[in-house]
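# Results of the structural survey
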Amino acid sequence: MTLLELCTLVVNFGLLGWVIGKKRKANASWRQEWPAGAALIVTLAHLGIDGARWQMIPGYAAPIFIGLYMVYRRNKTGRRKWWVVVPSFVVLTIYAVVSFFLPAVMPIFQFAKPTGSYSIGTRVIHLQDAGKELMVQSWYPSEVGSSDKRTAYIQDVPEVTTALSKMLGFPGGTFRHLAHIRTHAYWETKLSSSQPSYPVLVFSHGLGGVRNQNTFQMEELASHGYIVLSIDYPTYAAATVFPDGRVVRDEHQNLVGAETAEQDRHMNDWATEATFVLDQLDKLNGSEWFQHKMDLQRIGMLGHSYGGSTSVYMLQNDARVKAALNMDGGIFGLPVDFKLLHKPLFMMAADASLDVEAFNKSLDSYTEDEVLKQSGKPKAWHKANMDDLMARRERMLAAGALALVLPNSSHLTFSDLPLYAPLLFAPKGDLKEKHMIINKYTVAFFDYYLKGDKTSFSRIESYPNVQFHGL
């Protein structure tokens, strides 16, 4: 929660506790009613500066309760009996815990400051050609001071936050507080002129994700001199909002956890969208925004989950992609007899995603009927599907991919999503440190293969239990 939110709650509940416990004098003047006014002023100040969010509603109500309580005690003097005061404070404590818990569990978070030397610009691009259209967001190195407007994290707040909430299994308005998040990027600033050109990276979100779901990583890459383009995949993204107001929502929610053969079949759709973006780069490069500063001979791809799988597929099937990063995604759409990589691939994974023993143990904790009822598939199917995923990964490592396994992490660690509700989604340990490690290795990988910096990996400090190999 913000400092002003914390101050508002502390003041409001401090005053509420004070008026409950304070002895009231006979014939008290109006000056004794100041706590209600003070709580109201503090609350209004918070609303005017931070804005309202539903997680703070119990705290907003505190001045009302203070006022009502003081009216109730208006003609009652002296201290109340302990058997009345004690239950009152028990109720107050429960009320305060709820009021502090809600904004703490879904905080107004801040992204870590990018470590690169460039200021960051961002803009949303509507790509159209021959009846096809996509929404893309770009982050890029920008001129310092060309704008003072730090951009909001979410551009289409009602549509995107509602879709994200439902995708994560919560009521539609749960993550509306994301509207208050600001990033380190500045809106539609000029591209930096400090370099004649910059390498280009194309990012793909996961199933049910959104184009800005890895802002922690997009901003870091832009600060190190990369132009990053992130795609909204219509019908696979949580919500894609077009300039005319059309909203296309996720139509493939059942694809999460589907068998590998089913996920293989959808790869062509994702590759088609990614290819469309690559086809538009020449035109985009000549626009007034990019002014031929995209180095189209140095293109990389990266993605999370199914978006990471897409990056691997594109690496192997599109000559324009020179290097790819797959973050905790499977291998889909490639032939079973795949044996050799001809271009650099980096596969990051969460240790939890690779723990087959824990997966099988969890599966065996349910009866066969329970598994069938919940998933529609028997235990044997789930185990065979997991074995297939692991075998595909091993074939890719044997083909020459670099690999990193991040300790105490989960599938969502490779995205912004744990920041939305750290107590619910964050893995064990320091999430910011995990994001920092992901960023360091991401920048090092693309610096090594797209910028030719052969010392990039050697400059990364050692982190306990981080498994990296293949270079």
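As a starting point, this report considers the structure included with it. Source: prediction; values computed, not measured.

This paragraph deals with the overall build of the chain. When its secondary structure is counted, the chain shows 15 helices and 13 strands. Charged side chains of the chain number 47 positive and 44 negative; the gap between the two group centres comes to 13 Å.

Let's shift gears to the packing of helix α10 (residues 356-364) against helix α12 (residues 379-398). Look at α10 against α12: their axes get within 11 Å of each other, and the N-to-C directions meet at 170°. Taken as axis vectors, α10 and α12 run roughly antiparallel relative to one another. Between α10, through Val356, Phe359, Asn360, Leu363 and Asp364, and α12, the contact on the second element is made entirely by Lys379, His382, Lys383, Met386, Asp387 and Met390.

A full pass over the atoms with the stated rule returns 14 salt bridges. With its nearest N and O atoms 2.9 Å apart, the salt bridge here joins Asp264 to Arg392. With Asp264 in helix α7 (residues 260-279) and Arg392 in helix α12, this pair connects stretches of sequence that are 128 residues apart. A salt bridge links Arg320 to Asp318; the nearest nitrogen and oxygen atoms lie 2.8 Å apart. What you see here is one network of salt bridges that share partners, running through Glu133, Asp244 and Arg246.

All right, on to the sheet that holds strand β4 (residues 182-187) then. One open sheet holds the 11 strands; their spatial order is β3-β4-β1-β2-β6-β5-β9-β10-β11-β12-β13, and the pairing between them is mixed. Both outer strands of the open sheet, β3 (150-152) and β13 (467-469), are each paired with one neighbouring strand and no more. Strand-to-strand twist of the sheet, defined as the mean angle between neighbouring strand axes without regard to direction, takes the value 25°. Sheet topology places strand β1 (residues 119-129) next to β4; 2 bridges connect them, and they run parallel. Following the sheet pairing, Thr122 is matched in β4 by Trp187. Strand contacts of α7: β1, β2 (132-142), β5 (198-204), β6 (227-232), β9 (294-304) and β10 (321-327), with the helix running at about 55° to β2, the strand carrying the most contacts. Strand contacts of α12: β11 (345-350) and β12 (402-406), with the helix running at about 140° to β11, the strand carrying the most contacts.

Now for the packing of aromatic side chains. Summed over all chains, the structure comprises 30 aromatic pairs. By way of ring pairs, the aromatic residues Tyr226, Phe346, Tyr441, Phe445, Phe446, Tyr448, Tyr449, Phe457 and Phe468 are connected into one cluster. Directly above the aromatic system of Phe276 lies the positively charged group of Lys132, at a separation of 5.7 Å from the ring centroid. When the ring centre of Phe242 is taken as origin, the NZ or CZ atom of Arg246, which lies over that ring, is 4.6 Å away.

The next point concerns helix α2 (residues 34-49). The end-to-end C-alpha distance of α2 is 23 Å, a good match for the 22 Å that 16 residues give at a rise of 1.5 Å each. The complete set of buried residues in α2 reads Pro35, Ala36, Ala39, Thr43 and His46. For α2, the angular spread of the buried residues around the axis is 100°, confining them to a single face. Facing away from the buried side of α2 by over 90 degrees, the exposed positions are Ile41, Gly48 and Ile49.

Each value, and the rule that gives it
Residues numbered from 1 in each chain as written. Predicted model: local features only at pLDDT ≥ 70, side-chain atom pairs only at ≥ 80, totals over all residues. Heavy atoms only, no water. Helix = DSSP H or I, 4+ residues; strand = E, 2+ residues; numbered from the N terminus. Lys, Arg positive; Asp, Glu negative; His and termini not counted. Charge placed at Lys NZ, Arg CZ, Asp CG, Glu CD. Axes fitted to C-alpha atoms, helices over the stretch in contact; angles between N-to-C directions. Parallel < 35°, antiparallel > 145°, perpendicular 65-115°, else oblique. Contact = heavy atoms within 4.5 Å. Salt bridge = Lys/Arg side-chain N within 4 Å of Asp/Glu carboxyl O. Pairing = 2+ DSSP bridges. Phe/Tyr/Trp six-rings, centres within 6.5 Å; stacked < 30°, edge-to-face > 60°. Lys NZ or Arg CZ within 6 Å of the ring centre and 35° of its normal. Expected span 1.5 Å × (residues − 1). Buried < 20%, exposed > 50% of the residue type's maximum accessible area, 1.4 Å probe, protein only. Arc of directions from axis to C-beta.

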